[in-house]
Structure formats: structure tokens, C-alpha cells
Amino acid sequence: MKYCKKCTMPDTRPGISFDENGVCSACNNEKRKDSIDWGSRYKELEKLCDKYRGMNGNEPDCAIAVSGGKDSHFQVHVMKEKMGMNPILFSVEDNFTMTEAGKVNLKNISEEFGCSIISLKPDIHTQKLLMRKTFEEYGKPTWFIDRLIYTYPLKMALRFNTPLLVYGENVSWEYGGNDAKKETYSAKEILANGVASDIPEQKLLESGVSAKDLALTIAPSKSEIEKLEPIYLSYFLRWNSYSNYIFASSRGFRDLRGEWDRTMTAEYFDQVDSIAYLVHAWMKYPKFGHACASDYAARFVRYGLLSRDEAIEIIRQKDHALDPKAVEDFCAFTGYSKSEFWSIVDRFYNKDLFIKDSFGRWVLKEPIWKQK
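Keep in mind that what you see is a predicted model, and the values were worked out from it rather than measured.

A.B. asks: Mind showing me how you'd approach the environment of Asn58 here?
C.D. replies: Counting through the fold element by element, Asn58 comes out in the loop between helix H2 (38-52) and strand S1 (62-65). Spatially, the C-alpha atom of Asn58 lies 21 Å from that of Leu154, the residues being 96 residues apart in sequence.

Okay, structure coming up:
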């Protein structure tokens, strides 16, 4: 494994690239923000909103894909309070045990900003069957939920005649990934970012679900998407996860301090809605040798909030440590015993990156703290 010379991101992150100086694309893109004329970009957003504002009379004139998190609060603020739009919000819930923070935050967006939310709670029976299938075969336990997070707002925007559909950041551009070499405001290719890639329908049907059960996971056709104008807000405004958190906190967003001290994260304010979902976020670790702590430690270095050495120490302590509370909730939902769960996880350790120590534990061959 090779690690970015500026932050802490390894070259195993899917789609990331490094320049001739060993600096990752996410760091280079963050640096590029210094030379962007953000005033002109803001005017572009205003012009785009002018095109759609009031298009449906008193009905919503745009849509925002939200989770209830810090970024959702910021998106709604920009579109409703800054741009003067009349948004309808679309959300997907995952059916796991919610945190107290999660229970508060989605409601807070509705109350604080005066917006209606249409939230999809997927069929639990189908979710359980698909979770077991995609976890055991692909190491993607929440594929069903993640797929819906992407497809549901697209489908609903078509039904509500709200072509302007707002997403937060372009994850590939911001953090390194597919299509990171080009920046565009258009989110028409959002399904290609690798988070919820297509899985052949026949494979999914093997889990015991029907084609009808999968209907909401099917993306709109290319011709239907052409009727929409999905956008990344991060193109128009300088995106910063931590700044979004500070703003959201000022408007009633609740983080996990005092509720849950997670063993595996470098922060307490991202993906706070439910408990078992964190298993998905951590499954990058056995596959790619980095997980939640690496993700945010790298961001904090780019934002100037941590030194690289401070970030490395956080990664050393936390990246491998899947939170036992998340495992417990995941197993309770899916019906696995903990031994069954860990035996499945064990199959996904990348032997090019990991070896087992004398205690039978998987350890990285080339961890960042031995390369610095």
C-alpha cells in the first residue's frame, strides 16, 4: 500500500489516483478550490434556480435528497433560505435501530426549515433477504438501502415534476474516486460513483425476492433522467464536511456526543442516524485496508484541522475497530450469530494487504504508521 504524502488516504481506495509527487486526487482537488471563482459559481446556482423557481405554482419547484445529517441541513438551508426555492425532501430510512440523534435530526430539518419530507421505509422482509445475499456474496450488506438512496429521489423527482434535484457533494471529486479528473455540477451519472453499482437482477432473485420487490431499485431510464437536472451543490459552494457540521449544529442538528462513543470513527457527527449501518461503512477495511477513521482523518488533514501525524495515530487506534454495538444491532436484524458474522467478514480480507498474526488476527502488511 502507498499512502498520500499530504493526507492519509491509501492508493487502494477505488478510483483514486496519485500524481508524480505521491499526492492523491482528493488533496489536489481540495487545493484547486483555492483558485476557483466561487462568486461566479454562486451566480451560476442562482441562475439555475431562476430557471425552475415557481415552475409548479405553489407546489414544490425542486427536490433535495436528504438523510437528516449535517450536510442535509446545509443543503436545505442553501436551497430554501438562500435561493428562495420551495423544496420537497426525499429520504430513505434503513430499518435499523435508530440513535436518539437520528430520531431528532430528520424531524429537525422539517421543523427548522419548514419543509415536507417524504421518507421511504423499505420492505423489511426484502431488506433482510437482500442484506444476507449481498453481504455473503459481495461484502456489501446495505446494498439494497444504498441503491434506494440513489434511485428513490430520481424516481420521485420525476413523479413530482421537480427536475431540479439537489445532492450534496460529488464524492469522487471531493474524496477520490471514479471520474475524479473532471468536475461538473451535473449529477446525472451519480449511479456510476461505485457506492451502489448495479448487481445483476438474477443474482438478487437468488435471495428469494421477486422482481416486484426490486422495482424501486431500478434506476430511471436514460431518457427519463434526461428530463431531470440533478446537481451537486458542492460544485457551486466550497464544500467542507466540518463546516457543514458547525452550521447544522447552529440549527438544531444533534451529534452523538453523550450517546455513543464509537470505536471506529474519527468524529461523532457523520452517519449518526442508525446503528447497524456502520457495518457497511467499515467493510472497506478488510477489502481495501482503510475505513471510517481513515476517511475523516484524511479530510481533517485537507481542511487543516489535523497534522498528518495526528491523523495517522487516530487511524492506528480506530480504523480496524468495528464497533461492537454496530455488530450486535446488525446481527439482531439479519439473524446471524456473531460467529457467523465474523466468519463471513473473514472471507473478505484482502490477502494482498493483510496477514494473520500469531493470535490469528488480520493485520495490515504495510500500515501507514510504519511508513511515515
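A.B. asks: What is the right way to read helix H15 (residues 324-334) from this model?
C.D. replies: Count 3.6 residues to each turn of an α-helix, and residues three or four apart come out pointing the same way. Among the residues of H15, Ala326, Val327, Asp329, Phe330, Cys331, Phe333 and Thr334 are the ones counted as buried. For H15, the elements touching its buried residues are helix H5 (124-138), helix H11 (278-282) and helix H16 (338-347). The N-cap residue of H15 is Asp323: its side-chain oxygen and the backbone nitrogen of Lys325 are 2.8 Å apart. Gly335 occupies a position one or two residues after H15 and carries a positive phi of about 90°.

A.B. asks: Just to check I follow, could you spell out the sheet that holds strand S3 (residues 117-120) for this structure?
C.D. replies: The strands making up a sheet associate through hydrogen bonds between their backbones, and the pairing can be parallel or antiparallel. Taking strand neighbours across the sheet as the criterion, the five strands line up as S3-S2-S1-S4-S5 in an open arrangement whose pairing is parallel. On the outer flanks of this sheet lie S3 and strand S5 (229-232), each paired with one strand and no other. Recorded for the sheet is a direction-independent mean angle of 25° between the axes of neighbouring strands. Packing against the sheet, H2 makes contact with strand S4 (164-167) and S5, and its axis sits at approximately 155° to S5.

A.B. asks: What am I meant to see in helix H13 (residues 292-302) here?
C.D. replies: With eleven of eleven residues buried, H13 lies mostly within the body of the structure. Those residues of H13 not exposed but buried are Cys292, Ala293, Ser294, Asp295, Tyr296, Ala297, Ala298, Arg299, Phe300, Val301 and Arg302.

A.B. asks: Even after reading the chapter, I still don't get the pattern of salt bridges, so can you show me in this structure?
C.D. replies: Close approach of charged atoms allows side chains with opposite charge to pair. Scanning the entire structure with this criterion turns up 25 salt bridges. A salt bridge links Lys103 to Glu100; the shortest N-O distance between them is 3.0 Å. Highlighted residues: Lys103 and Glu100, both in helix H4 (residues 100-113), separated by three residues, approximately one helical turn. Residue Lys103 is classed as partly exposed on the basis of its relative accessible area, which comes to 40%.

A.B. asks: Could you clarify how one ought to interpret the nonpolar core in this entry?
C.D. replies: Considering soluble globular proteins, one finds that nonpolar side chains tend to be buried as a cluster. If you look at the biggest cluster of nonpolar residues, it comprises 88 residues, and the most contacted ones within it are Met79, Leu164, Trp282 and Phe341. In terms of residues, this core owes the most to one element, H13, which gives six residues. In this structure Met79 touches Cys49, Cys62, Ile64, Gly84, Met85, Leu164, Val166 and Leu233, once residues within four positions along its chain are discounted. Membership of the second largest hydrophobic core comes to 27 residues, among which are Leu148, Tyr150, Ala187 and Ala196.

A.B. asks: Can you help me understand unusual backbone geometry in this one?
C.D. replies: For residues that are not glycine, phi is negative in most cases, and the peptide bond is trans in most cases. At Asn95, a residue that is not glycine, the phi angle is positive and equals roughly 75°. Structurally, Asn95 is set in the loop between strand S2 (87-92) and H4. The class for Asn95 is buried, based on a relative accessible area of 14%. Unlike most non-glycine residues, Gln271 shows phi in positive territory, near 50°. Mapped onto the elements, Gln271 comes out in the loop between helix H10 (241-250) and H11.

Conventions and cut-offs
- Residues numbered from 1 in each chain as written.
- Predicted model: local features only at pLDDT ≥ 70, side-chain atom pairs only at ≥ 80, totals over all residues.
- Heavy atoms only, no water.
- Helix = DSSP H or I, 4+ residues; strand = E, 2+ residues; numbered from the N terminus.
- Buried < 20%, exposed > 50% of the residue type's maximum accessible area, 1.4 Å probe, protein only.
- Contact = heavy atoms within 4.5 Å.
- Polar contact = N/O pair within 3.5 Å; in protein donor to acceptor, adjacent residues only side chain to side chain.
- Pairing = 2+ DSSP bridges.
- Axes fitted to C-alpha atoms, helices over the stretch in contact; angles between N-to-C directions.
- Salt bridge = Lys/Arg side-chain N within 4 Å of Asp/Glu carboxyl O.
- Core = buried A, V, L, I, M, F, W, Y, C linked by side-chain atoms within 4.5 Å.

Function cannot be inferred from these measures alone, as they are strictly geometric.
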